Amino acid sequence: IMSENQDELIKAQNELIGVLFEIIKRLQSNNDLDTEYFKIIGKDSRTENENLRLNEITKERKDNAEVVSRLLKQIESN
């Protein structure tokens, strides 16, 4: 029984580490996207491609934020 409990604890810790790694990866991605976003937005004039990229960045950031939120809720519920 003690061995089973230890195995379950190790499994839970590994799952938590995986979730935290994904959260950090998504937050770092948003940080990188922010850098690109502000570089483009700071220009006096933007090309159509840059405007499209701003839309992509906004969508990506939103998707990352939603995943992070969902993962944090998953951690809270466990």
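Residues numbered from 1 in each chain as written. Predicted model: local features only at pLDDT ≥ 70, side-chain atom pairs only at ≥ 80, totals over all residues. Heavy atoms only, no water.

**Comments concerning the overall build of the chain**
- When helices and strands are counted, the chain shows two helices and zero strands.
- By the compact-globule yardstick of 12 Å for 78 residues, the chain is too spread out, its C-alpha radius of gyration being 19 Å.
- Counting only C-alpha atoms and orienting by the principal axes, one finds that the chain spans roughly 65 × 15 × 15 Å.
- When each of the 78 residues of the chain is scored for burial, the buried share is 17%.
- Looking at the chain alone, contacts between residues at least 24 apart form 62% of all its contacts between residues at least 6 apart.
- Counting every atom, the chain has about 6,400 Å² of accessible surface; 54% of that belongs to carbon and sulfur. (Helix = DSSP H or I, 4+ residues; strand = E, 2+ residues; numbered from the N terminus. Rg over C-alpha atoms; globule rule 2.2 N^0.38 Å. Buried < 20%, exposed > 50% of the residue type's maximum accessible area, 1.4 Å probe, protein only. Contact = heavy atoms within 4.5 Å. Areas by Shrake-Rupley, 256 points an atom, 1.4 Å probe, with all protein chains shown as cover.)

**Some details on the pattern of salt bridges**
- Across all of its chains, the model carries nine salt bridges by this definition.
- R53 serves as the salt-bridge partner of E36, at 2.8 Å between the closest nitrogen and oxygen. You can see E36 sitting in helix 1 (residues 2–41) and its partner R53 sitting in helix 2 (residues 48–77), a full 17 residues away along the chain.
- Several salt bridges share partner residues, and in doing so they unite E36, R53, E56 and E60 into one network. (Salt bridge = Lys/Arg side-chain N within 4 Å of Asp/Glu carboxyl O.)

**Things to note about the layout of surface pockets**
- As a volume, the largest pocket reaches approximately 150 Å³.
- Around the largest pocket sit A12, E15, L16, V19, Q74, I75 and N78, which together line it.
- Of all elements in the fold, only helix 1 and helix 2 reach the threshold of two or more residues within the lining of the largest pocket.
- When residues in the lining of the largest pocket are grouped by element, the largest group, four residues, is from helix 1.
- Among the residues making up the lining of the largest pocket, the classes are represented as four nonpolar, two polar and one charged. (1 Å grid on protein atoms, 1.4 Å probe; cavity = no way out; pocket = protein on both sides within 12 Å on 5 of 7 lines; lining within 4 Å. Points joined across faces, edges and corners; volume = space filled by probe spheres on them. Nonpolar A, V, L, I, M, F, W, Y, C, P; charged D, E, K, R; others polar.)

Take it as geometry only, folks, not as evidence of what the structure does.
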